[in-house]
Amino acid sequence: MEFNKVVVMGGGVLGSQIALMSAYTGHDTTIWMRSEGSIERTKPKLAGYSAMMIQSLEQARKMLGNPLGAFVYPKGLIKDWAGMTEEKIDDLIQQVKDTADNNLHLELDMAKALAGADIVIESMSEDPQAKIDLYEKMKDVMDEKTILCTNSSTLLPSTFADHTGRPAQYMALHFANEIWKHNTAECMGHAGTAPEVYDAVVRFAEEINMVPIKLHKEQPAYVLNSLLVPLLDAAQQLWGKGVADPETIDLTWRLATGAPAGPFQIMDVVGLETVYNILMMKPDTQDPESVNHKIAAMIKEKIDKGELGINSGKGFYDYKK
């Protein structure tokens, strides 16, 4: 199967990045969104992520001739570091600049967006009912050939398979933030996913310069978030209980592990709305006496003030300074 037309449902934090990488690698790519307001919110995201991709390439240029360059170059943007030159990096920078004009489209009409799609990647919020409602609308307008994937970071594809109208052609394909640098694509089917569909999605991941992470069975949070979410939870608990402030918690993690970012910095990248939605799925969050209820209220206060994370300019940290 060839992946000539790619559709991303939703232009949020990861939806925008997935679409950019798909378009950058030469795939005709459409982002479907619910409203004109969604489009206006997505345009600056696309511009911002494009600028970050260019910045990563410019940083790579400075590492030419440095042995460390082979370890830190943006692997989603540069397929092979060996033989890389300033001229080749200039060409890749121009490729990023041309991506939006050449291969990327924004669309409000669902039927038009989905027509002829080879693969569709649903990248909406972590709201189970919202995903079900979307799949019910999509299933009658998708082509028979279309493979459907979810980019859900916590929810299992088996939860939604029967609502898609194509359970054998449905699975999860999950990406990390800043996918042009952290180029993993976690491939996770459910019991009814056809083996040939799974293999095709692995090939697609490779086509957009990702490294497929092949899961053999369903696992909530896949591999990456099975490791990451407990860290973020622990950080939230320390903050919610008043043990330490976010800056101190992050500093501790960075100094003690050598990590480039602390858990609250990671949450700013993920986006506080996603963090809040995941938190609200925990049963004890509804208990007014629980720490998670307090944490949810603290995060909701930031969301209500428009402090959504790095994309809004402020979250736990102020990025406007």
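Just so it is clear, the model here is predicted, and its values are computed rather than measured.

A closer look at the nonpolar core
Turning to step 1, where the next piece is worked out: Ranked by size, the top nonpolar core spans 51 residues in total, and within it Leu173 and Phe175 carry the most contacts.
Turning to step 2, where the next piece is worked out: In terms of residue count, the dominant contributor to this core is helix H1 (residues 13-24) (eight residues).
Turning to step 3, where the next piece is worked out: Among the nonpolar cores identified, the runner-up in size contains 19 residues, and Ala117, Val120, Tyr135 and Leu148 belong to it.

What about the sheet that holds strand S5 (residues 147-150)?
Turning to step 1, where the next piece is worked out: The eight strands lie next to each other as S3-S2-S1-S4-S5-S6-S7-S8, forming an open sheet whose pairing is mixed. Pairing within the sheet leaves two strands with one partner each, and these edge strands are strand S3 (104-107) and strand S8 (211-214). On average, each strand axis in the sheet is tilted by 25° relative to the strand beside it, whichever way the strands run.
Turning to step 2, where the next piece is worked out: Note that strand S2 (residues 28-32) and S3 share four bridges and pair parallel. Counterpart to Thr30 in the pairing with S3 is His105.

Focus on the state of the cysteines
Turning to step 1, where the next piece is worked out: As enumerated under the stated definition, the model contains zero disulfides in all.
Turning to step 2, where the next piece is worked out: Note on Cys149: no disulfide assigned, nearest cysteine sulfur contributed by Cys187 at a separation of 8.0 Å.
Turning to step 3, where the next piece is worked out: Residue Cys149 is classed as buried on the basis of its relative accessible area of 0%.

Here's the deal with the pattern of salt bridges
Turning to step 1, where the next piece is worked out: Here the structure, examined in full by the defined rule, presents 13 salt bridges.
Turning to step 2, where the next piece is worked out: The salt bridge involving Asp90 is made with Arg61; its shortest N-O contact spans 2.2 Å. Highlighted residues: Asp90 in helix H4 (residues 86-103) and Arg61 in helix H2 (residues 36-62), separated in sequence by 29 residues.
Turning to step 3, where the next piece is worked out: Looking at Asp90, the relative accessible area reads 37%, which means it is partly exposed.
Turning to step 4, where the next piece is worked out: In this structure, Asp233 and Lys282 form a salt bridge, with 2.9 Å as the shortest nitrogen-oxygen distance. Remark: Lys282 occurs in the loop between helix H11 (272-280) and helix H12 (291-304) and Asp233 occurs in helix H8 (residues 224-240); sequence separation between them is 49 residues.
Turning to step 5, where the next piece is worked out: Through salt bridges with shared partners, a single ionic network connects Lys302, Lys305, Glu307 and Lys314.

Section: the packing of H8 against H12
Turning to step 1, where the next piece is worked out: Two numbers describe how H8 lies on H12: the axes approach to 9 Å, and their chain directions differ by 90°. Judged by the inter-axis angle, H8 sits roughly perpendicular to H12. For the pair formed by H8 and H12, the contact residues are Gln236, Gln237, Trp239 and Gly240 on the first element and Val291, Asn292, Lys294, Ile295, Met298 and Ile299 on the second.
Turning to step 2, where the next piece is worked out: Within the contact of H8 with H12, the residues separate by chemical class into five nonpolar, four polar and one charged.

Some points on the packing of aromatic side chains
Turning to step 1, where the next piece is worked out: Tallying each qualifying case throughout the model produces eight aromatic pairs.
Turning to step 2, where the next piece is worked out: Ring plane angle 70° and centroid distance 6.0 Å describe the contact between Tyr135 and Phe160, whose orientation is recorded as edge-to-face. Of the two residues, Tyr135 sits in helix H6 (residues 128-138) while Phe160 sits in the loop between S5 and strand S6 (170-175), which places them 25 residues apart along the sequence. Grouping residues by exposure puts Tyr135 and Phe160 together as buried.
Turning to step 3, where the next piece is worked out: Taking the centre distance of 5.5 Å and the plane angle of 75° together, the rings of Tyr135 and Tyr170 count as edge-to-face. Of this pair, Tyr135 sits in helix H6 while Tyr170 sits in strand S6, and the two are 35 residues apart along the sequence.

Rules of the game
- For every chain, the first residue of the written sequence is number 1, and numbering continues from 1 onward in sequence order.
- For a predicted model such as this one, the threshold for reporting local features is a pLDDT of at least 70, and the threshold for listing and counting side-chain atom pairs is 80 or more; totals across whole chains, interfaces and linings nevertheless cover every residue.
- Heavy atoms from the whole structure form the basis of all side-chain values; hydrogens and water molecules are not counted.
- Nonpolar core, defined: a set of buried Ala, Val, Leu, Ile, Met, Phe, Trp, Tyr and Cys residues in which side-chain atoms within 4.5 Å join the residues together.
- Burial status follows relative accessibility: with a 1.4 Å probe on protein chains alone, a residue under 20% of its type maximum counts as buried, one over 50% as exposed, and anything between as partly exposed.
- Counting from the N terminus, the helices are DSSP H or I runs at least four residues long and the strands are E runs at least two residues long.
- A pair of strands is labelled paired if DSSP reports no fewer than 2 bridges between them.
- The angle between two axes is taken between their N-to-C directions and runs from 0 to 180 degrees, where each axis is a line fitted to C-alpha atoms and a helix contributes only its stretch in contact.
- By disulfide we mean two sulfur atoms from cysteines, separated by a distance within 2.5 Å.
- A pair is scored as a salt bridge if a Lys or Arg side-chain nitrogen falls within 4 Å of a carboxyl oxygen belonging to Asp or Glu.
- Any angle from 65 to 115 degrees is called roughly perpendicular, while one under 35 is roughly parallel, one over 145 is roughly antiparallel, and all others are oblique.
- The contact rule is simple, with two residues in contact once any of their heavy atoms fall within 4.5 Å.
- Charged means Asp, Glu, Lys or Arg here, nonpolar means Ala, Val, Leu, Ile, Met, Phe, Trp, Tyr, Cys or Pro, and polar covers whatever is left, Gly included.
- Only rings of Phe, Tyr and Trp enter the pairing, Trp through its six-membered ring, and a pair is recorded when the two centres are within 6.5 Å. The plane angle decides the type: under 30 degrees is stacked, over 60 is edge-to-face, the rest tilted.

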